[in-house]
Amino acid sequence: MTFIDDILNYDSLSIVGLQKNTGKTVSLNYVLDRLPVERKRIAVTSIGIDGETTDQVTRTQKPEIYLRQGMYFGTSEMHYRQKRIVSELIDVSDENTSLGRVVTAKALTGGKILLSGPSSASGLKRWMKDMHRVGIELVIIDGALSRMSLASPAVSQSMILATGAAYSTNMNTLVQQTAFVVDLIKIPLTEEANLNLLMPIEKGVWYIDDEGALHELSHISSLSQDFRFEGMDRCKTLYVAGALVDGFLEKVRKNPKLKTCELVVRDFTKIFVSPQQYRLFLKAGGMIRVLQKSKLIAVTVNPTSPLGVTLDSDTLCERLSEAIQLPVYDLMKKECN
Amino acid sequence: MQLRDHIESPCGLRYVFEQLELQAGYTRRWMLDMPMMRTGEEIARSYEVLRQFVRFVEEVDTPYINTLQFRLQGLKDIRTTIKNLGQQAVLDDIELFEVKHLAILAVDVAERMKAHGLDKAIAVPDLNEVITILDPDGLKMATFYVYDSYCQELRDLRAQMRQNPSRQEELLAECAEIEEGVRRDLSKQLVPFAKALEEAQIAMAKIDMNLAKALQIKQLGLCFPTISKDDISRYEAMFHPQVKDALAQRKRAFQPVSLTFGQKPTLITGANMGGKTVVLKTLTLCQYLFQYGFGIPAQSADIAVKDEVFFCIGDEQSIEKGLSSFAAEMKNIDAVIKASRENRKIVALIDEPARTTNPTEGTALVSALVKVLRGDNVSLVMTTHYDIEPTDARCLRVKGFENGTMNYELVEVQDGEVPHEALNIAESLGIDKEWIETAREILNIPNSVYLNPSNSRGLKPNLSNSIDLDPKGSNSTPLKKEEGGSR
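Quick caveat, the model's predicted, so the values are computed rather than measured.

Rules and cut-offs
Residues numbered from 1 in each chain as written. Chains lettered and ligands numbered in written order. Predicted model: local features only at pLDDT ≥ 70, side-chain atom pairs only at ≥ 80, totals over all residues. Heavy atoms only, no water. Helix = DSSP H or I, 4+ residues; strand = E, 2+ residues; numbered from the N terminus. Buried < 20%, exposed > 50% of the residue type's maximum accessible area, 1.4 Å probe, protein only. Contact = heavy atoms within 4.5 Å. Areas by Shrake-Rupley, 256 points an atom, 1.4 Å probe, with all protein chains shown as cover. Buried area = accessible area lost by both parts, 1.4 Å probe. Salt bridge = Lys/Arg side-chain N within 4 Å of Asp/Glu carboxyl O. Pairing = 2+ DSSP bridges. Axes fitted to C-alpha atoms, helices over the stretch in contact; angles between N-to-C directions. Polar contact = N/O pair within 3.5 Å; in protein donor to acceptor, adjacent residues only side chain to side chain. Arc of directions from axis to C-beta. Core = buried A, V, L, I, M, F, W, Y, C linked by side-chain atoms within 4.5 Å. Phe/Tyr/Trp six-rings, centres within 6.5 Å; stacked < 30°, edge-to-face > 60°. Lys NZ or Arg CZ within 6 Å of the ring centre and 35° of its normal. Patch = residues over 30% accessible without salt bridge, like charges linked within 9 Å, V, L, I, M, F, W, Y side chains within 5 Å. Lys, Arg positive; Asp, Glu negative; His and termini not counted. Charge placed at Lys NZ, Arg CZ, Asp CG, Glu CD. Right-handed = clockwise from strand over helix to strand, strands pointing away. Disulfide = S-S within 2.5 Å.

Chemist: Explanation requested: the overall build of chain A in the structure shown.
Modeler: Scanning chain A from terminus to terminus reveals ten helices and 16 strands. The buried share of chain A, taken over its 337 residues, is 55%. Partitioning the contacts of chain A with sequence separation of at least 6, the portion at a separation of at least 24 is 75%. Total accessible area on chain A is roughly 15100 Å²; 48% of this is exposed by carbon and sulfur atoms.

In structure tokens:
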């Protein structure tokens, strides 16, 4: 399938599921199975949302990843000790997770492994940097679109999105909701000058005036109800470092002073607004930009929900592909393999 | 007392510590756990090692230092693993990896030290044998697994596994047993090296520390102190790195100060904003830096070794503790007095004691403190705005305003007469005219309520460019906060 070649153009890929059981692990295994491990050094890890608790809540077995011989992987000490492959340790990091430190090793035989990597965005970035330093050419992250995760998949250059009937068994809803997420993923980057200025800021609401000076709106959370914009007549860029929610977006839209200003968020995972509110914002001429973005390489679907409902795979792929203008794959289907 | 107990001292020790370019997190923790050195021999030894590192950083080029620093970044804290080894536990793959990683690092660093004659200054134990045990194929790579070469049977099983993946689970179980046996055997072979591993880890932390201290000496222009033989500390042109940096940011220069103190209590008087507090801060900082073996921010320094350092400054923390500023201060100074009675050698640096109370009692308290802390085991430097009888103390004064600028130099004065510059300084700050003028009028009225002959030696010809006024009137507390910090 062609998107495998696409992946090789980037030095990092995250695979993200819109919901559990949307076939993320299938997508990951599909990719791992087809990447040319003999000519590319590949490392894989998972964003460690405390793996154990998640499993206990959903009562599903945390899926195992099948690694091919020669691949590198990052996992916690605990899962490393439980591994059922032969592998050679290359690094023990200072990165701590609830399951011990993150260790990195090379698979000397193929086999299944439980992945539980860095649990924070900065930890993940450090791990990725370490990997590139030891000569890894492609880092693959088993990502999560969960609010519980501190590590955003947007730290990777490219992305595969897994969706499916588990997210909604109504095809219309599924297509619309997925298309909305794809819209968010596609939000363009802000201009370079803003990037340098805003990238280090990890909390608060800030704005840049028409002379390029940065100001913090002190003691303000973008989540608070009584958010007011004061003294911002010259605001050119408004930056929300944390979560962007409906109430805030509405206030920005309704404020005549901010009509021409650009709204910047860290990355698409920080946007928690409803599709309605988002469309109203864009319709009113609003402009939204991000500091970090990933190239969406493909969308995969799992037409079967865990409750047994199965949507028609061909129709789903076709309708979704039309809505998002990107190829959509059902990897469960035989002919794909 | 360890470095971590002193690091938050308001003298600015943390600032100097944070400026060290330490490469490993472990070195940082190890340093914070370091006890303060309390003997001249110990301090002299540590400076001897540091001197060799300064010569080393002068000898080699920057890329060489960068490579060494990069290597030291790989230093990890594996005390738990070493402890397990010492208790003859069977180490797992991760622990064996840690041991091998440390050994490879130690051998590499030891070679570099030897090449520059530093192996005698800090000896890194030879861990080549450890590498041999954990590197059966002689690959010299800092990676680890239970290698095929340890056991032919293991090699065969793994080969079968690769040929026949469907039997992997079953073969893995067989391998696991053999691997465990190999690990048991390796652990046993490694037990005798537990101590050497521990020493190697500490030696590399020491190298990391000395390298960082040596680079800091070059960067900040610090000096090597000598160890005072007569309990008197002498500083030539000392400066406070943090204040100096803050001033440099505002394009202003720090005026270094020279000072000798020791056997007799030393009192520093001087105008507000005359840098008295900065002098005490710097003295405290230098004392700590000395007893923790850092370079000293001065042109030259001859420093007396102490058992304990006390820095009493009217502090903001008292509010958090719910004590009034006076109560907090009294309790701090009380601790100094108690320590002095225990016959420990202490240096006490006290900033304007009893500043917040009335001048009558304040003066009495300060005069009494000079008498109480007169003992041979106490080196006392104290700043004050009160007039103190100089019989028991040596008096220094900040030169003060000269031609519109502040001269921070300390000069010896024969009596305890305090300078009266508060109104001039307030005026130079652009403080409300009416207020200042009214104060002047009040002071010009003879026998005003501010003249209290009971605790003053009355009006005297003035020392410098200040006006004739009564000492009590010059205690303008509103300006206290500005002092020193805004130099």
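Okay, back to it.
Chemist: I would appreciate a short explanation of the interface of chain A and chain B in the present structure.
Modeler: How big an interface is tends to be stated in terms of the accessible area lost upon association of its parts. Between chain A and chain B, the residue contacts involve 23 residues of the former and 18 residues of the latter. Note on chain A versus chain B: buried area summed over both sides is about 1700 Å², and carbon and sulfur give 54% of it. Considering only the side of chain A, the residues that lose the most area to chain B are Arg84, Val86 and Leu89 of chain A, jointly responsible for 29% of the buried surface there. For the pair chain A and chain B, the interface holds three salt bridges.

Chemist: Please clarify how the sheet that holds strand S1 (residues 12-17) of chain A should be interpreted in this entry.
Modeler: Hydrogen bonds between backbone groups are what pair the strands of a sheet, and the pairing can be parallel or antiparallel. Strand order in the open sheet made by the nine strands is S5-S6-S4-S2-S8-S1-S9-S15-S16 (chain A), with mixed pairing throughout. Of all the strands in the sheet, just strand S5 (87-97) and strand S16 (328-330) of chain A have a single pairing partner and so form its edges. Put simply, the sheet's adjacent strands are angled 20 degrees from each other on average, direction ignored. Bridge analysis of strand S2 (residues 42-46) of chain A against strand S8 (residues 138-142) of chain A gives five bridges, and the strand direction is parallel. Note on S8 of chain A: the bridge partner recorded for Thr45 of chain A is Ile141 of chain A. Most of the contacts of helix H10 (residues 313-324) of chain A go to S16 of chain A, to which it runs at about 160 degrees, and overall it touches strand S9 (158-164), strand S15 (295-302) and S16 of chain A. Against the sheet, helix H7 (residues 93-115) of chain B contacts S5 and strand S6 (100-107) of chain A, and its axis sits at roughly 90 degrees relative to S5 of chain A.

Chemist: Hey, could you run me through the environment of Thr45 of chain A in this one?
Modeler: Residue and element names in this part refer to chain A. Within the secondary structure, Thr45 is located in strand S2. The spatial distance from the C-alpha of Thr45 to the C-alpha of Val102 is 9.7 Å, given a sequence separation of 57 residues. Within polar-contact distance, the side chain of Thr45 engages the backbone oxygen of Gly74 at 2.9 Å.

Chemist: Mind showing me how you'd approach unusual backbone geometry here?
Modeler: Most peptide bonds adopt trans geometry, and most residues besides glycine take a negative phi value. All names here are of chain A. A positive phi angle, close to 60 degrees, is found at Gln325, a residue other than glycine. The topology assignment puts Gln325 in the loop between H10 and S16. Look at Gln325 and you get exposed, because its relative accessible area is 64%.

Chemist: Mind showing me how you'd approach helix H9 (residues 275-283) of chain A here?
Modeler: An α-helix turns once per 3.6 residues; consequently, residues spaced three or four apart project the same way. Residues and elements named next belong to chain A. Those residues of H9 that fall on the buried side of the exposure criterion are Pro275, Gln277, Tyr278 and Phe281. With its buried residues spanning 165 degrees around the axis, H9 presents them on a single face. Across from the buried face of H9, at angles greater than 90 degrees, the exposed residues are Gln276 and Lys283. For H9, the secondary structure elements touched by its buried residues are helix H6 (171-185), helix H8 (246-254), strand S13 (262-265) and strand S14 (287-290). Phi for Gly285, located one or two positions after H9, is positive at around 95 degrees.

Chemist: For this particular structure, what's the right way to read the sheet that holds strand S7 (residues 346-351) of chain B?
Modeler: Residues and elements named next belong to chain B. Read across the sheet, six strands follow the order S6-S7-S8-S4-S9-S10 without closing on themselves; strand pairing throughout is mixed. Each edge of the open sheet is held by one strand with a lone partner, namely strand S6 (308-312) and strand S10 (405-413). Each strand of the sheet is rotated relative to its neighbour by a mean of 15 degrees, with strand direction disregarded. Bridge analysis of S6 against S7 gives five bridges, and the strand direction is parallel. Within S7, the position partnered with Phe310 by the bridge is Ala348.

Chemist: What is the right way to look at the nonpolar core in this model?
Modeler: Nonpolar side chains in soluble globular proteins tend to end up buried together. Val31 and Ile140 of chain A together with Ile296 of chain B are the most contacted members of the largest nonpolar core, which totals 164 residues. Counting residues per element, this core draws most heavily on helix H11 (residues 194-220) of chain B, at 14 residues. The residues touching Ile296 of chain B, leaving out its near neighbours within four places in the chain, are Tyr47, Leu222, Cys223, Pro225, Tyr235, Cys286, Leu289, Phe290, Ala301 and Ile303 of chain B. Leu184, Leu249, Leu296 and Val301 of chain A belong to the second-largest nonpolar core, a separate cluster that totals 48 residues.

Chemist: Mind showing me how you'd approach the packing of aromatic side chains here?
Modeler: Each aromatic ring pair is described using two quantities: the centre-to-centre distance and the angle formed by the ring planes. Residue and element names in this part refer to chain B. Scanning the entire structure with this criterion turns up eleven aromatic pairs over all chains. Seen in terms of ring centroids, Phe144 and Tyr147 are 5.7 Å apart; in terms of plane orientation they differ by 80 degrees. Their pairing is edge-to-face. By the ring-pair criterion, three or more aromatic residues cluster together here, those being Phe144, Tyr145, Tyr147 and Tyr150. The ring of Tyr64 is capped by Arg112, whose NZ or CZ atom sits 5.7 Å from the centre of that ring.

Chemist: Teacher, can you tell me more about the pattern of salt bridges here?
Modeler: When the charged atoms of two side chains with opposite charge come close together, those side chains can pair. All names here are of chain B. Under the defined criterion, the tally for this structure stands at 40 salt bridges over all chains. For Asp108, the salt bridge goes to Arg112, with nearest N and O atoms at 2.9 Å. Of this pair, Asp108 and Arg112 both sit in helix H7, four residues apart, roughly one helical turn. Overall, the relative accessible area of 15% leaves Arg112 in the buried class.

Chemist: For this particular structure, what's the right way to read a negative patch on the surface?
Modeler: Residues and elements named next belong to chain B. A grouping of Glu153, Asp156, Glu174 and Glu177 is seen on the molecular surface, where their side chains present a negatively charged patch. Of all the elements in the fold, those that place two or more residues in the negative patch are helix H9 (152-163) and helix H10 (168-190). By secondary structure assignment, the location of Glu174 is in helix H10. For Glu174, a relative accessible area of 37% translates into the label partly exposed.

Chemist: Can you help me understand the environment of Ile42 of chain A in this one?
Modeler: All names here are of chain A. In this fold, Ile42 is placed in strand S2. Distance from Ile42 to Asp11, taken between C-alpha atoms, is 9.4 Å for residues 31 residues apart in sequence. When sequence neighbours within four positions are dropped, the list of residues in contact with Ile42 reads Leu35, Val37, Met71, Tyr72, Ile136, Leu138 and Ile140.

Chemist: Whenever I open this one, the pairing of S14 of chain A confuses me. Can you help?
Modeler: For a regular strand, side-chain orientation follows a simple rule: the groups alternate between the two sheet faces. Residues and elements named next belong to chain A. Only one face of S14 is buried, namely the one carrying Ile288 and Val290, since none of Met287 and Arg289 on the opposite face is buried. Sheet topology note: the S13/S14 ladder contains four bridges and is parallel. Pairing of Val264 across the sheet is with Arg289, part of S14. Each parallel crossover has a hand, and for S13 linked through H9 to S14 it is right-handed.

Chemist: Help me out: how do you make sense of the environment of Met406 of chain B in this one?
Modeler: Residues and elements named next belong to chain B. Within the secondary structure, Met406 is located in strand S10. Spatially, the C-alpha atom of Met406 lies 29 Å from that of Gln263, the residues being 143 residues apart in sequence. In this view, Met406 contacts Gln255, Ala271, Asn272, Met273, Gly274, Gly400, Phe401 and Ile425; residues no more than four positions away in its chain are not counted.

Chemist: So what exactly am I meant to see when it comes to the pairing of strand S3 (residues 257-261) of chain B here?
Modeler: Residues and elements named next belong to chain B. Only one face of S3 is buried: it carries Val257, Leu259 and Phe261, and the other face, with Ser258 and Thr260, is open. Strand direction decides the pairing type here: strand S2 (residues 233-238) and S3, joined by four bridges, are antiparallel. Among the inter-strand pairings, Ser233 is bridged to a residue of S3, identified as Phe261.

Chemist: What exactly am I supposed to notice about the state of the cysteines here?
Modeler: Here, the word disulfide means a covalent bond between the sulfur atoms of two cysteines. Residues and elements named next belong to chain B. Enumeration over the complete set of coordinates arrives at zero disulfides over all chains. Lacking any disulfide linkage, Cys11 is separated from the closest cysteine sulfur, that of Cys286, by 9.1 Å. A disulfide-free cysteine, Cys175 has its sulfur positioned 9.2 Å from the sulfur of Cys151, the nearest such atom. For Cys175, a relative accessible area of 1% puts it in the buried group.

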